[in-house]
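Reading the structure
Listed here are the chains, written in short residue letters.
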Amino acid sequence: MSAAESTHTLDHLSAWTHAGPSLAVLGHPIRHSVSPAMHNAALAALAARDPAYAAWKYFRFEVPPAELAAALPRFHAAGFHGLNLTVPHKILAFDLVAEIDPSATAIGAVNTLLRTATGWRGYNTDGHGLAAALHADLGVDLAGADVVLLGAGGAARGAAVECLRKKCASLWIANRTRANLDALLAALRPLAGTIPVYGFDPVHPPAALPAGAVVINATSAGLKPGEPAPIALPRLPAGLRVYDMVYNPPQTALLRDAAARGLSHANGLSMLVHQGARSLEIWTGVTAPVSVMHAAATAALA
């Protein structure tokens, strides 16, 4: 197994020897991530057009949340050019980086870091990835859509802000922990303007939920085998379109329920690809080869 395909730990940073620009994804757990395969395929495609990218490599690091604050300066000192952050680091990193791009400020979470002379500059590409994936997979434009969003964590924050930026018709957010739900609602209302934003317990969905809404799962429910769906689709109105940010496994309980009801549905692979493409563009300054990234991610999952 090559170094780029291995799962590294912070111990490897003490003697980091890769000579070219290093990129990495940090998470806990991280072994399931297909981001290295996706990004290294993209970098190979870029190198075929411009040899300057031949030395770029993307790696995978297991970093527990308690070690993130100490880890980020170590990656900077080791010369890494850029980082992706996944569960559970997106919110944790927001207060740990030197600079936040204005597009990420309202979200309160970052998933992409770019090296600067003084530290890291944080971005959030999840909203872009979600909007592009919904359009590509389900033919959904967020503008004018009624959205039912499941979750109140970092991924949900990015999704909610993107929905409001795109001028959705209404936003309904379901979360079982009321304190987390209330915190997210309070953060979103100044951004919502005249767009109605509601919160509810997914165990007891309100009868007022709009028919034909797009349901977006931004929770981790479905990552583990046998996990139940985060909401009971039979209790929701008709005509839904269902998008699950989970991409591995490719079919979660939520998506199986959607298929059984004959609803349009898709998993989060396209979102991973499009948010990753935007990250790569931030790091390189050139257009990312989206089709190459999608093919590599699909092959890695297979």
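Residues numbered from 1 in each chain as written. Predicted model: local features only at pLDDT ≥ 70, side-chain atom pairs only at ≥ 80, totals over all residues. Heavy atoms only, no water.

A short note on the pattern of salt bridges
- Summed over all chains, the structure comprises six salt bridges.
- Notably, a salt bridge pairs Glu99 with Arg121, separated by 2.1 Å at the nearest N-O pair. With Glu99 in strand E5 (residues 99-100) and Arg121 in strand E7 (residues 119-123), the pair connects residues that are 22 residues apart, well separated along the chain.
- Within the structure, one salt-bridge network assembled from shared partners comprises Glu99, Asp101 and Arg121. (Salt bridge = Lys/Arg side-chain N within 4 Å of Asp/Glu carboxyl O. Helix = DSSP H or I, 4+ residues; strand = E, 2+ residues; numbered from the N terminus.)

Brief notes about the packing of aromatic side chains
- Evaluated as defined, the whole model comprises nine aromatic pairs.
- Pairing Trp16 with Phe59 gives two aromatic rings, centres 4.8 Å apart and planes at 85 degrees, and the pair type is edge-to-face. Within this pair, whereas Trp16 is found in the loop between strand E1 (7-8) and strand E2 (22-27), its partner Phe59 is found in strand E3 (residues 57-62), the two being separated by 43 residues in sequence. Like Trp16, the residue Phe59 is buried in the burial classification.
- Aromatic pair Trp16 and Phe80: ring centres 5.1 Å apart, planes at 40 degrees, arrangement tilted. With Trp16 in the loop between E1 and E2 and Phe80 in the loop between helix H2 (68-77) and strand E4 (82-85), the pair connects residues that are 64 residues apart, well separated along the chain. Comparing Trp16 with Phe80 shows no difference in burial state: the two are buried.
- Put simply, the rings of Trp16, Phe59, Phe61, Phe75 and Phe80 touch in pairs and so form one group of aromatic residues. (Phe/Tyr/Trp six-rings, centres within 6.5 Å; stacked < 30°, edge-to-face > 60°. Buried < 20%, exposed > 50% of the residue type's maximum accessible area, 1.4 Å probe, protein only.)

Some thoughts on the nonpolar core
- By size, the foremost hydrophobic cluster in this structure holds 37 residues, and its most contacted members are Leu134, Val147, Leu149, Leu171 and Ile173.
- Those elements that provide at least two residues to this core are helix H5 (126-138), strand E8 (146-150), helix H6 (154-165), strand E9 (170-174), helix H7 (178-192) and strand E11 (214-217).
- The biggest single contributor to this core is H6, with seven residues.
- Not counting chain neighbours up to four residues away, the residues in contact with Ile173 comprise Leu149, Gly151, Leu181, Leu184, Leu185, Leu188, Val197, Tyr198, Gly199 and Phe200.
- With 24 residues, the next largest nonpolar core counts Val34, Leu272, Leu280 and Met293 among its residues. (Core = buried A, V, L, I, M, F, W, Y, C linked by side-chain atoms within 4.5 Å. Contact = heavy atoms within 4.5 Å.)

Describing the domain arrangement of the chain
- Segmentation of the chain into domains returns domain 1 (10-123 + 275-301) and domain 2 (127-266).
- When each unit is reduced to the centre of its C-alpha atoms, the spacing between domain 1 and domain 2 is 26 Å.
- Taken together, the contacts link 13 residues of domain 1 with eleven residues of domain 2.
- In total, about 1100 Å² of surface goes out of reach between domain 1 and domain 2, with carbon and sulfur atoms giving 63% of it.
- The interface formed by domain 1 and domain 2 holds zero salt bridges in total. (Domains from an automatic or database assignment. Buried area = accessible area lost by both parts, 1.4 Å probe.)

Here's the deal with the packing of helix H1 (residues 35-49) against helix H10 (residues 290-301)
- As a packed pair, H1 and H10 sit with axes 8 Å apart at the nearest point and diverge in direction by 140 degrees. For the pair H1 and H10, the sense of crossing is right-handed. Residues Ala37, Met38, His39, Ala41, Ala42 and Ala45 of H1 touch H10, and the partners they reach there are Val292, Met293, Ala296, Ala297 and Ala300.
- By residue class, the composition of the contact of H1 with H10 is ten nonpolar, one polar and no charged. (Axes fitted to C-alpha atoms, helices over the stretch in contact; angles between N-to-C directions. Left-handed = near helix turned anticlockwise from the far one by under 90°. Nonpolar A, V, L, I, M, F, W, Y, C, P; charged D, E, K, R; others polar.)

Regarding the side chain of Asp126
- Among the structural elements, Asp126 can be located in helix H5.
- When near neighbours in sequence (up to four residues on either side) are disregarded, Asp126 contacts Lys90, Asn111, Met271 and Gln275.

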